[in-house]
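# Chains, contacts and geometry: an overview
Take a look at the letters that make up each chain.
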Amino acid sequence: MVRIGIIGSNGRMGQAIAQAIADAGLDLAGGVDRDGDVAGLAAKADVLIDFSSPDALEANLDAAVAAKVPMVIGTTGLAERHHWLIDEAAAEIAVLQTGNTSLGVTLLAHLVREAAARLGNDWDIEIVETHHRMKVDAPSGTALLLGEAAAKGRDVTLGDVSDRGRDGITGTREEGHIGFAALRGGTVAGDHTVHFLADNERLALSHMAENRGIFAKGAVKAAQWVREKDAGRYTMPEVLGL
Ligand SMILES: NC(=O)C1=CN([C@@H]2O[C@H](COP(=O)(O)OP(=O)(O)OC[C@H]3O[C@@H](n4cnc5c(N)ncnc54)[C@H](OP(=O)(O)O)[C@@H]3O)[C@@H](O)[C@H]2O)C=CC1
Ligand SMILES: O=C(O)C1=N[C@H](C(=O)O)C[C@H](O)C1
């Protein structure tokens, strides 16, 4: 039986993941939160799932590498340096990192890439996300993942074309740019819409999460999948065969 350790276990996602582990008939190796013994958890787990905080990522990766335990990372708000750390760890262990573990968003990213590839630069791309009032990072990891998918479809680098947070006299929209807007309020589990806007027509591709169970179920599926893998960096389309 697979023993799964949760980092961020008392959080909203940590609790949903514990439920998903029980629903799947798997074993919970234990959980840690801030100031917890992550090395101790890694030593008794077959795989770790981390939905905590970017501040914790380096220590969590170190513990997973030391114990040679694969890891699923769902934490968002990651900076470039965190991605380098993940790449370094992935030379030693299997690591799956994604801003969204749901089946629906994984498919949405595929559709967005396809739409962006087929529609020219005269179709403006704007990504709008809505989340609960407790969310601490923006744009969401999912919005960035969808932005990456659109940029790949257009064969450009997202960092070169992204507009994050317009305010004041912004000037007119730059052709080929990808815009982001974030709404925060209430208890929304996570809504994302990628708008494609052209002259006289618009296309919108959306995903609405009705609860955290979809992310938790995907994270547990990813944990079972990554546990069998050699060292390397993986993501959700590989798990779901999309
Ligand atoms: N990839 C995906 O599909 C999804 C990703 N997320 C992401 O998951 C993360 C967690 O979200 P959510 O559960 O809502 O957040 P919460 O704030 O509810 O939970 C975060 C948990 O992490 C713990 N934590 C904070 N710092 C550390 C640390 N240094 N070491 C270990 N644990 C720590 C907190 O513990 P304490 O209370 O002690 O500080 C808390 O229990 C966010 O980044 C969110 O964006 C969320 C949903 C889906
Ligand atoms: O913090 C959340 O709640 C969520 N975070 C992820 C993100 O940043 O995209 C995934 C989901 O939308 C919920």
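Rules behind the numbers
- Residues numbered from 1 in each chain as written.
- Chains lettered and ligands numbered in written order.
- Predicted model: local features only at pLDDT ≥ 70, side-chain atom pairs only at ≥ 80, totals over all residues.
- UniProt positions renumbered as here; feature names shortened; annotations may be inferred.
- Domains from an automatic or database assignment.
- Contact = placed C-beta atoms within 7 Å.
- Helix = DSSP H or I, 4+ residues; strand = E, 2+ residues; numbered from the N terminus.
- Nonpolar A, V, L, I, M, F, W, Y, C, P; charged D, E, K, R; others polar.
- Axes fitted to C-alpha atoms, helices over the stretch in contact; angles between N-to-C directions.
- Left-handed = near helix turned anticlockwise from the far one by under 90°.
- Near = placed C-beta within 6 Å.
- Buried ≥ 20, exposed ≤ 12 C-beta atoms within 10 Å, placed from the backbone.
- Expected span 1.5 Å × (residues − 1).
- Arc of directions from axis to C-beta.

Per an unreviewed UniProt entry, the chain carries the name 4-hydroxy-tetrahydrodipicolinate reductase and comes from Novosphingobium decolorationis. UniProt lists a comment for the chain under the heading Sequence similarities (unreviewed entry), and it reads "Belongs to the DapB family." The record held by UniProt for the chain lists under Subunit (unreviewed entry) the comment "Homotetramer."

Turning next to the domain arrangement of the chain. When cut into domains, the chain gives domain 1 (3-101 + 212-240) and domain 2 (103-208). When each unit is reduced to the centre of its C-alpha atoms, the spacing between domain 1 and domain 2 is 26 Å. Every contact between the two is made by 10 residues of domain 1 and, on the other side, 12 residues of domain 2. Sorting elements by how many residues they give to the side of domain 1 that touches domain 2 places helix 9 (residues 236-240) first, with three residues. Residues that form the side of domain 1 that touches domain 2 fall into these classes: three nonpolar, six polar and one charged.

Our focus in this paragraph is the packing of helix 5 (residues 103-118) against helix 6 (residues 141-154). In a packed pair of helices, the relevant descriptors are the angle between the two axes and the axis-to-axis distance. It is at 7 Å that the axes of helix 5 and helix 6 come closest, and there the two elements cross at 35 degrees. Here helix 5 runs over helix 6; the crossing is right-handed. From helix 5, V105, L108, A109, V112, R113, E114, A115, A116 and A117 reach across to helix 6, where they touch T142, L145, L146, A149, A150, K152, G153 and R154. In terms of residue class, the contact of helix 5 with helix 6 is made up of 11 nonpolar, two polar and four charged.

All residues adjacent to ligand 2 are T76, G99, N100, H131, K135, S140, G141, T142 and G190. Grouping the amino acids of the shell around ligand 2 by side-chain chemistry returns no nonpolar, eight polar and one charged.

For the rest of this paragraph, the subject is the environment of A117. Position of A117 relative to the elements: it lies in helix 5. The exposure class of A117 is partly exposed, given the 14 C-beta atoms found within 10 Å. As a C-alpha pair, A117 and I7 span 110 residues in sequence and 37 Å in three-dimensional space. With near-sequence residues (within four places) excluded, A117 lies in contact with G153 and R154.

This brings us to the site of ligand 1. Close to ligand 1 lie 27 residues; G8, G11, M13, A56 and G74 are nearest. It is helix 1 (residues 12-23) that provides the largest number of residues to the shell around ligand 1, a total of three residues.

So, about helix 5. Helix length check: helix 5 (16 residues) gives 23 Å between terminal C-alpha atoms against 22 Å at 1.5 Å per residue, within 8%. The complete set of buried residues in helix 5 reads V105, T106, L108, A109, V112 and A116. The buried residues of helix 5 occupy an angular sector of 155 degrees when the element is viewed end-on, so they sit on one face. Residues of helix 5 that are buried in the fold lie against strand 6 (124-131), helix 6, strand 9 (191-198), strand 10 (201-208) and helix 9.

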